[in-house]
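Chains, contacts and geometry: an overview
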Amino acid sequence: MKRNRWILIILVLIAGLLAGCGQPPPQANVFEKGKTVVNAELTRIVYVGDGLICGYDDEHQQEFYLSLVNHDEQYSAEQTASRVRYSGVIQEVNDVNIHIDIQSAKDLKVLENNRDPEVDRSETEEELNEALIKRAVKANFEEMMTGELEETGIYIVGQVSSIGDAHFFGESSFLINDGENDYYITVWETVSKAIKKVWPEVKEGVMIKLYGSYMGVDEVTNLPWVEGRVIEIIE
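One structure accompanies this document, and this report is about it. (Residues numbered from 1 in each chain as written. Predicted model: local features only at pLDDT ≥ 70, side-chain atom pairs only at ≥ 80, totals over all residues. Heavy atoms only, no water.)

1. Focus on the nonpolar core
- Of all hydrophobic cores here, the largest spans 26 residues; its most connected members are Ile 156, Phe 174, Ile 185, Leu 210 and Ile 231.
- Broken down by secondary-structure element, the contributors of at least two residues to this core are α3 (141-146), β9 (153-161), β10 (171-177), β11 (182-188), α4 (193-198), β12 (207-217) and β13 (224-233).
- If you look at the next biggest cluster of nonpolar residues, it comprises 22 residues, including Val 48, Ile 53, Ala 77 and Val 110. (Core = buried A, V, L, I, M, F, W, Y, C linked by side-chain atoms within 4.5 Å. Buried < 20%, exposed > 50% of the residue type's maximum accessible area, 1.4 Å probe, protein only. Helix = DSSP H or I, 4+ residues; strand = E, 2+ residues; numbered from the N terminus.)

What follows is the structure in structure tokens.
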């Protein structure tokens, strides 16, 4: 009887092992810049736009930006999309958001369509920019370098230099010198209506007043990093 019982236990264990064969291990996605994520999910979508989806997942507090690299492709996400599965390359990670490039429309799949766009309606770009201009404080290089800046909304008056080429989803970068210090600026010149309107006038040597959000110290330039939202050309 004991022998038969052990044989039965061994057969059960073998059956369990065989049942597990061929099943791929769960994807352990690491949300670090340069990593590729596979079959990750956004479980709460708050915005669906032309080539851009914003939302949150259950494990991270930051907002996720999913941008479709090939703008000629069309994805099937509607305004009612509430949960999506995606694969892509992480382009940026910071305390505010995680930006991921979706290489192809087939790498994005809508899982649920339960969202009411009016419930999640965000403030318009114009409303957000007006609020930023009202609360913005003058950039303080020392406070920004040490992380002691209390207000993330800032403005800088200075000269443009070192304009870089646009890369993923139309993001461009340049430096502003306020007469004493340089600041590293990024702008979404194809997404932001306010930036797109004035961008052709932003040349090296031009004086501007820039309003934006302080994002921390840039790892590459080791300068205060500001995401520019409004640019005014100074004649």
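2. A few points about a nonpolar patch on the surface
- A grouping of Val 157, Met 207 and Ile 234 is seen on the molecular surface, where their side chains present a nonpolar patch of about 210 Å² in accessible area.
- Tracing the sequence through the fold places Met 207 in strand β12.
- Take Met 207: its relative accessible area is 34%, and that puts it in the partly exposed class. (Patch = residues over 30% accessible without salt bridge, like charges linked within 9 Å, V, L, I, M, F, W, Y side chains within 5 Å. Areas by Shrake-Rupley, 256 points an atom, 1.4 Å probe, with all protein chains shown as cover. Salt bridge = Lys/Arg side-chain N within 4 Å of Asp/Glu carboxyl O.)

3. Quick word on the pattern of salt bridges
- Under the counting rule described, the total for this entry stands at five salt bridges.
- A salt bridge links Glu 92 to Lys 33, with the nearest nitrogen and oxygen atoms 3.8 Å apart. One end of the pair, Glu 92, is in strand β5 (residues 83-93); the other, Lys 33, is in the loop between α1 (2-20) and β1 (36-42), with 59 residues separating them in the sequence.
- By relative accessible area, which is 52% here, Lys 33 ends up exposed.

4. Things to note about the side chain of Ser 87
- In this structure, Ser 87 sits in strand β5.
- Judged by relative accessible area, which is 15%, Ser 87 ranks as buried.
- At 3.0 Å, the side chain of Ser 87 and the backbone nitrogen of Asn 39 are in polar contact.
- Excluding its chain neighbours within four sequence positions, the residues that come into contact with Ser 87 are Val 37, Val 38, Asn 39, Asp 101, Ile 102 and Asp 107. (Polar contact = N/O pair within 3.5 Å; in protein donor to acceptor, adjacent residues only side chain to side chain. Contact = heavy atoms within 4.5 Å.)

5. Topic: the environment of Trp 225
- Secondary-structure assignment places Trp 225 in strand β13.
- Residues Trp 225 and Tyr 183, 42 residues apart in the sequence, show an inter-C-alpha distance of 6.4 Å.
- Sequence-distant contacts of Trp 225, that is, excluding residues within four places in its chain, are made with Glu 92, Asn 94, Tyr 184, Thr 186, Ser 213, Tyr 214, Met 215, Gly 216, Val 217 and Asp 218.

These results come straight from atomic positions and should not be treated as a statement about function.
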